[in-house]
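Residue-level listing of the chains:
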Amino acid sequence: MCLTSLALTATADDTQMVVNLATNSTPATFTLTDIGKITFGESGLTVFTTDGTTTPYTYEEVRNIKFTDEPTGIGATTVGEEGMKAYYRNGFLGVDGWKGGDKATAAVYGVSGTTVLRVDDWDGTPIPTDGLAGGVYIFNVDNNTIKFTKQ
């Protein structure tokens, strides 16, 4: 279980893990800050809380596990210095208002926080996204960041 911090809108203080049971009985809810660890064995999983409580589940009795108030990523486009604004248009990434001759590092991150594309000494030339799989990404150049969806 890995949580990233990329200007996320929710914190572990208000995010909960909900274990929905196959019997449709009342789900078990755990606040992430109260979970010490979760172990997965051959026949089930066990949630260990920070107060010393252990709650075991067999895989057969768990319908699914969901997270409420899950961080959704970067919200609006941020406008950097001098009115520059990152964009995603027609399969290309770039920055409107980029000064010719300027250099920067341009990077694209997956929602898990991993770098999927990086251009050092980027000169403002639009970056094609045809090599990216469909999904949600974060594009960053200097202080200009956007979230975009590649179809």
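Residues numbered from 1 in each chain as written. Predicted model: local features only at pLDDT ≥ 70, side-chain atom pairs only at ≥ 80, totals over all residues. Heavy atoms only, no water.

Engineer: Got a minute to help me understand the packing of aromatic side chains in this structure?
Structural biologist: For any pair of aromatic rings, geometry is given as the distance between the ring centres together with the angle between the planes. Scanning all chains against the criterion turns up 3 aromatic pairs. Each ring, one from Trp98 and one from Trp122, has its centre 5.0 Å from the other, and the planes form 55°; the classification is tilted. With Trp98 in the loop between β8 (92–96) and β9 (104–110) and Trp122 in strand β10 (residues 115–122), this pair connects stretches of sequence that are 24 residues apart. Accessibility classification places Trp98 together with Trp122 in one group, the buried group. Members of the aromatic cluster, joined through ring pairs, are Tyr88, Tyr137 and Phe148. Positioned above the aromatic ring of Phe48, the side-chain terminus of Lys37 is 5.0 Å from the ring centre. (Phe/Tyr/Trp six-rings, centres within 6.5 Å; stacked < 30°, edge-to-face > 60°. Helix = DSSP H or I, 4+ residues; strand = E, 2+ residues; numbered from the N terminus. Buried < 20%, exposed > 50% of the residue type's maximum accessible area, 1.4 Å probe, protein only. Lys NZ or Arg CZ within 6 Å of the ring centre and 35° of its normal.)

Engineer: What is the right way to look at unusual backbone geometry in this model?
Structural biologist: Leave glycine aside and you will find that most residues have negative phi; peptide bonds, for their part, are mostly trans. The backbone of Asn24 shows a phi angle near 60°, a positive value even though the residue is not glycine. Positionally, Asn24 belongs in the loop between β1 (16–21) and β2 (28–31). Residue Asp121 is not a glycine yet carries a positive backbone phi of 55°.

Engineer: What exactly am I supposed to notice about the side chain of Lys150 here?
Structural biologist: In this fold, Lys150 is placed in strand β13 (residues 144–150). Although Lys150 is buried, it makes no salt bridge; Asp130 carries the closest opposite charge, 6.6 Å away. At 3.0 Å, the side chain of Lys150 forms a polar contact with the backbone oxygen of Thr129. For Lys150, the side chain forms a polar contact with the main-chain oxygen of Leu132, separated by 2.8 Å. The residues touching Lys150, leaving out its near neighbours within four places in the chain, are Tyr88, Thr129, Asp130, Leu132, Ala133, Gly134, Gly135 and Tyr137. (Lys, Arg positive; Asp, Glu negative; His and termini not counted. Salt bridge = Lys/Arg side-chain N within 4 Å of Asp/Glu carboxyl O. Polar contact = N/O pair within 3.5 Å; in protein donor to acceptor, adjacent residues only side chain to side chain. Contact = heavy atoms within 4.5 Å.)

Engineer: Please explain the nonpolar core as it appears in this structure.
Structural biologist: Side chains that are nonpolar tend, in soluble globular proteins, to be buried together. By size, the foremost hydrophobic cluster in this structure holds 16 residues, and its most contacted members are Val95, Trp98, Val108, Trp122, Phe139, Val141 and Phe148. Not counting residues up to four positions away in its chain, the partners in contact with Val141 are Val95, Trp98, Ala104, Thr105, Ala106 and Trp122. Formed by 11 residues, the second largest nonpolar core is a distinct cluster that contains Met17, Val19, Ile35 and Val62. (Core = buried A, V, L, I, M, F, W, Y, C linked by side-chain atoms within 4.5 Å.)

Engineer: How should I be thinking about the environment of Asp130 in this particular structure?
Structural biologist: Along the chain, Asp130 falls in the loop between β11 (127–128) and β12 (135–141). Taking the C-alpha atoms as reference points, Asp130 and Phe92, 38 residues apart in sequence, are found 8.3 Å from one another.

Engineer: What is the right way to read the sheet that holds β12 from this model?
Structural biologist: Each strand in a sheet pairs with another by means of backbone hydrogen bonds, the pair being arranged parallel or else antiparallel. Strand order in the open sheet made by the 4 strands is β10-β9-β12-β13, with antiparallel pairing throughout. Only two strands of the sheet have a single partner each, and these edge strands are β10 and β13. Neighbour-to-neighbour, the strand axes of this sheet turn through a mean angle of 15°, independent of strand direction. Pairing geometry for β9 and β10, over 5 bridges, is antiparallel. Across the sheet, Ala107 pairs through a bridge with Arg118, a residue of β10. (Pairing = 2+ DSSP bridges. Axes fitted to C-alpha atoms, helices over the stretch in contact; angles between N-to-C directions.)

Engineer: Explanation requested: the side chain of Asn20 in the structure shown.
Structural biologist: Structurally, the position occupied by Asn20 is in strand β1. Side-chain polar atoms of Asn20 contact the side chain of Asn64, separated by 2.7 Å. Here Asn20 is in contact with Pro27, Glu61, Val62, Arg63, Asn64 and Lys66, once residues within four sequence places are set aside.

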